[in-house]
Amino acid sequence: MFDFRLAIAEMIVNQTELEISEISALIEIPPKEDMGDYAFPCFRLAKEFKKKPALIASEISEKINRTMPEWLEQTKVIGPYLNFYLNRGYYASLVLKTIFSELDDYGKSEIGQQRNVIVEYSSPNIAKPFHVGHAYTTILGQAIGNIYDALGFNTIRMNHLGDYGTQFGKLIIAWRLWGDEAALAKEPIAELTRVYVKFHSVLEDQPELEDQAREAFKRLENKEPAEVELWQKFRDYSLLEFNRLYDRLEINFDNYNGESFYSDLIPEVVEMLETKNLLQESRGAQVVDLEEFNLNPCIILKSDGTTIYASRDIAAILYRDRTYDYYKNIYVVGLPQTNHFQQVFAVLKKAGFAKADQNIHVGFGSVKFKDGDFSTRKGNIILLEDLLDQSVAKTKDIITKNNPDMSKPEIEQTAEAVGLAAVKYTYLKNGREHDIMFDWEEILDFEGDTAPYLMYTYARARSILQKANFNCVEFNNFDFTLLTEDDEFGLIKNMYQYPEVLIQAAEEFEPSIMLRKISQLARNFNRFYHNTPILKTEDINLRQARLALVFAVSVVIKNGLILAGIDPVERM
Ligand code: ARG
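Structural notes, computed from the coordinates. Note that the coordinates shown come from a computational prediction; the quantities given were computed from them, not determined experimentally.

The subject of this paragraph is the site of the ligand. For the ligand, the full set of nearby residues is Glu120, Ser123, Asn125, His134, His160, Tyr309, Asp313, Tyr331, Val333, Gln337, His340 and Phe341. The side chain of Glu120 places a nitrogen or oxygen atom 2.8 Å from a nitrogen atom of the ligand. The separation between a nitrogen atom of the ligand and a polar main-chain atom of Ser123 is 2.9 Å. In the complex, 87% of the free accessible area of the ligand, which totals 350 Å², lies under the protein chains. Going through the elements one at a time, helix 14 (309-324) and helix 15 (338-350) are the ones with two or more residues in the shell around the ligand. Among the residues making up the shell around the ligand, the classes are represented as 4 nonpolar, 6 polar and 2 charged.

On to the side chain of Thr414. Examined against the element boundaries, Thr414 turns out to sit in helix 17 (residues 408-428). Overall, the relative accessible area of 4% leaves Thr414 in the buried class. The residues contacting Thr414, other than those within four sequence positions of it, are Ile399, Met406, Val569, Arg571 and Met572.

Let's shift gears to the environment of Ala54. With respect to the helices and strands, the residue Ala54 is situated in helix 4 (residues 53-66). Taking the C-alpha atoms as reference points, Ala54 and Val501, 447 residues apart in sequence, are found 32 Å from one another. For Ala54, the residues in contact, after removing those within four places along its chain, are Val77, Gly79 and Pro80.

On to the pairing of strand 6 (residues 279-282). In this sheet, strand 7 (residues 285-288) lies alongside strand 6 in antiparallel orientation, the contact comprising 4 bridges. Residue pairing for strand 7: Glu281 is matched across the bridge by Gln286. Remark: 2 residues form the turn of the hairpin made by strand 6 and strand 7, two consecutive strands paired antiparallel; Arg283 in that turn has positive phi of roughly 45 degrees.

Take the packing of aromatic side chains next. Aromatic ring pairs: the centre-centre distance and the angle between the two ring planes describe each pair. Applying the stated criterion across every chain, the model contains 41 aromatic pairs. Ring geometry for Phe100 and Phe475: centres 5.4 Å apart, planes at 35 degrees, overall tilted. Pair noted here: Phe100 is in helix 5 (residues 88-102) and Phe475 is in the loop between helix 19 (451-467) and helix 20 (486-507), with a separation of 375 residues, a long-range link. By way of ring pairs, the aromatic residues Phe2, Phe4, Trp71, Tyr91, Phe489 and Tyr496 are connected into one cluster.

Along the chain, His340 falls in helix 15. A relative accessible area of 11% places His340 in the buried class. Excluding anything up to four places from it in sequence, His340 contacts Tyr309, Ala310 and Asp313.

Quick look at helix 5 now. For helix 5, built from 15 residues, the straight-helix expectation of 21 Å at 1.5 Å per residue is met to within 8% by its first-to-last C-alpha distance of 21 Å. The set of residues buried in helix 5 consists of Gly89, Tyr91, Ala92, Ser93, Leu94, Val95, Leu96, Thr98, Ile99 and Phe100. On its buried face, helix 5 is in contact with helix 1 (4-13), strand 3 (81-86), helix 20 and helix 22 (540-563). You can read the cap of helix 5 off the contacts: a side-chain oxygen lies 3.1 Å from the backbone nitrogen of Gly89, and it is on Asn87. Of the residues trailing helix 5, Leu103 is marked for its positive phi of about 45 degrees.

What follows is about the nonpolar core. Counting residues in each nonpolar core, the largest one holds 163 residues, and the members touching the most others are Phe84, Phe100, Tyr427 and Met495. Per-element tally for this core: the top contributor is helix 22, with 13 residues. The residues touching Met495, leaving out its near neighbours within four places in the chain, are Val95, Leu96, Ile99, Tyr106, Leu521, Leu549, Ala552, Val553 and Val556. Val269, Leu295, Ala316 and Leu348 belong to the second largest nonpolar core, which has 38 residues in total.

The pairing of strands in a sheet happens through backbone hydrogen bonds and is either parallel or antiparallel. Here 3 strands make up an open sheet; going across it, the order is 1-3-2 and the pairing antiparallel. Whereas interior strands pair on both sides, the edge strands pair on one side only; in this sheet they are strand 1 (38-41) and strand 2 (72-78). Across this sheet, the average inter-strand angle for adjacent strands is 20 degrees, counted without regard to direction. Pairing of strand 1 with strand 3, which is carried by 4 bridges, proceeds in the antiparallel orientation. Within strand 3, the position partnered with Ala39 by the bridge is Asn83. Lying on the sheet, helix 4 is in contact with strand 2 and strand 3; it crosses strand 2 at an angle near 160 degrees.

Taken together, 3 strands build an open sheet; the order of strands is 6-7-8 and the sheet is antiparallel. Edge positions in the sheet fall to strand 6 and strand 8 (298-301), since each of these pairs with one other strand and no more. Shown here is a sheet whose adjacent strand axes are inclined to one another by a mean of 45 degrees, direction ignored. Helix-sheet contacts for helix 13 (residues 266-275) involve strand 6, strand 7 and strand 8, and the interaxial angle to strand 8 is about 120 degrees.

Definitions and cut-offs
- The residue numbers shown here count from 1 along each chain, following its written sequence.
- Note on the predicted model: pLDDT of at least 70 is required for a residue's local features to be given, and 80 or more for side-chain atom pairs to be given and counted; whole-chain, interface and lining totals, by contrast, use all residues.
- Only hydrogens and water are set aside; all other atoms, that is, all heavy atoms of the structure, feed into the side-chain values.
- Distances are taken per atom, and a residue is near a molecule or strand as soon as one of its heavy atoms is within 4 Å of it.
- Any N or O atom pair separated by 3.5 Å or less is treated as a polar contact, with the protein-specific requirement of one donor-capable and one acceptor-capable atom, and with residues adjacent in sequence counted only for side-chain atom pairs.
- All accessible areas in this document rest on Shrake-Rupley with a 1.4 Å probe, and a residue is counted as covered only by the protein chains that are shown.
- Helix and strand labels come from DSSP, where a helix needs a run of H or I of at least four residues and a strand needs a run of E of at least two; each type is numbered from the N terminus.
- For this scheme, ten residues count as nonpolar: Ala, Val, Leu, Ile, Met, Phe, Trp, Tyr, Cys and Pro. Four count as charged, namely Asp, Glu, Lys and Arg, and the remainder, Gly too, count as polar.
- The cut-offs for exposure are 20% and 50% of the maximum accessible area for each residue type, with area from a 1.4 Å probe on protein chains only; residues under the lower value are buried, those over the upper are exposed, and the others partly exposed.
- By definition, residues are in contact when any of their heavy atoms lie within 4.5 Å.
- DSSP bridges decide pairing: two strands pair if at least two such bridges lie between them.
- Centres within 6.5 Å make a pair out of two Phe, Tyr or Trp rings, where for Trp the six-membered ring is used; the pair is then stacked when the planes are under 30 degrees apart, edge-to-face when over 60, and tilted otherwise.
- For a helix, the expected span equals 1.5 Å multiplied by the number of residues minus one.
- Nine residue types can take part in a nonpolar core, namely buried Ala, Val, Leu, Ile, Met, Phe, Trp, Tyr and Cys, and a core is a set of them joined through side-chain atoms within 4.5 Å.
- To obtain an axis, a line is fitted to C-alpha atoms, over the contacting stretch when the element is a helix, and the angle between two such axes runs from 0 to 180 degrees between their N-to-C directions.

Below, the structure is given as structure tokens:
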């Protein structure tokens, strides 16, 4: 789309010695509506011209006024600033025509040039419950992947399963002693957790089990068929359960290589570090010293020759580089693992690995619940499935109350969509480094900053269009230039900014930046809806233009929600 900031910079640039990029970066969005749409501060030029900024502003203004382009209404000097007022009709026409011709693609671009971006997310541990913390990486990672896809990158979605470690020796022994095949088939993770917990509870009386577990793990590492078969079974069953959750949440992956996969690639890591002379012995273990990075040494091989979490991550990076020649390798993993990733990346940097700076840890905060809002069944762990079920149940009550004429199946469907969306939005709406506080009243508030609010706004827009029998195909006959009221102009501005915030969201790995714009658009839309007659507009051309505006808003809200992993419903 036409870049107004750049166009303004182009008008200024030939009157100065500065670079266009420098000018463009100086241009601001004024804090108040009546100060125009863009402002150029003249302090920076004051040095160059040795004149007062206000004088420079008025000189530039005069020159621009002589050859005013059609998209510009006027310029005004306000103190040291030169302020620009866009021609509202021109602006409306430009933005809406773009939206009408791009529809679902509005906001998308090709800036990624199909470069490979790996987004690793979810990565739960086999045989362990999928709790609300794993939902953070899962939902955030999916949204980041969607945004990169929309910007024309080739996204590779990886689930780095925790499928390796000494606990699998324990699990094998526990399973052989107490496993129940039927229970495993029915509720795999509950059954595996049951025997695993039992293993620990009998250890005091049967300490010999510890040694047996260690041996079982060794046999697993040596690829003994009996142990590998059991491990495979635990893995398959766990994935079956995880996939049920992923399907429900519409989460997808291209690759499920877990830690075990990379464990086999450790010799490559050792060889690389040995050729660079970076491996040192420390209390029997092989480590890389990271003092120059102010980090603790990174263990590569333990004294018994086995690998650790960090060495497997280093192996994974070498594998990803070789397999995908990635542009970015993004880890969506909680902030408590910051130090781990610093170590992993530092080892590679020290080894002279070319893409060491293209590995990015995208951290996030923790999940908390308002007191009494969640009774925890099993210890302190809150299962994602329980959270989702509760959200859907509560949403169903609200939808049933609000829509007495809705059929039962539609209520079920709508409640599932809105209930899941409410949870997803709660994970995504704030900056990711903030902790999340779940509070049902807040996240299901149809008037608050919530998914139900955004979805409701979308449904409202759709219902207006339906009442009017609106047809979006004829947009070339619409006169968008009639949309010049403040409320209308405000909405168009929000929509113009959507593609920009998408890029910013990708750069900062922050879907919240994009959602904030969508939420602002929805708020402004509801204000417009209350203040402005739409269906009742007398002038037929203005009515048509306003309906077109409603349609455009619905398109942009929908596009943003879809990138967040939320499918809006037509009615609720
Ligand atoms: N499985 C780990 C956990 O649940 C997270 C793995 C993160 N990814 C990685 N490449 N280390 O804590």
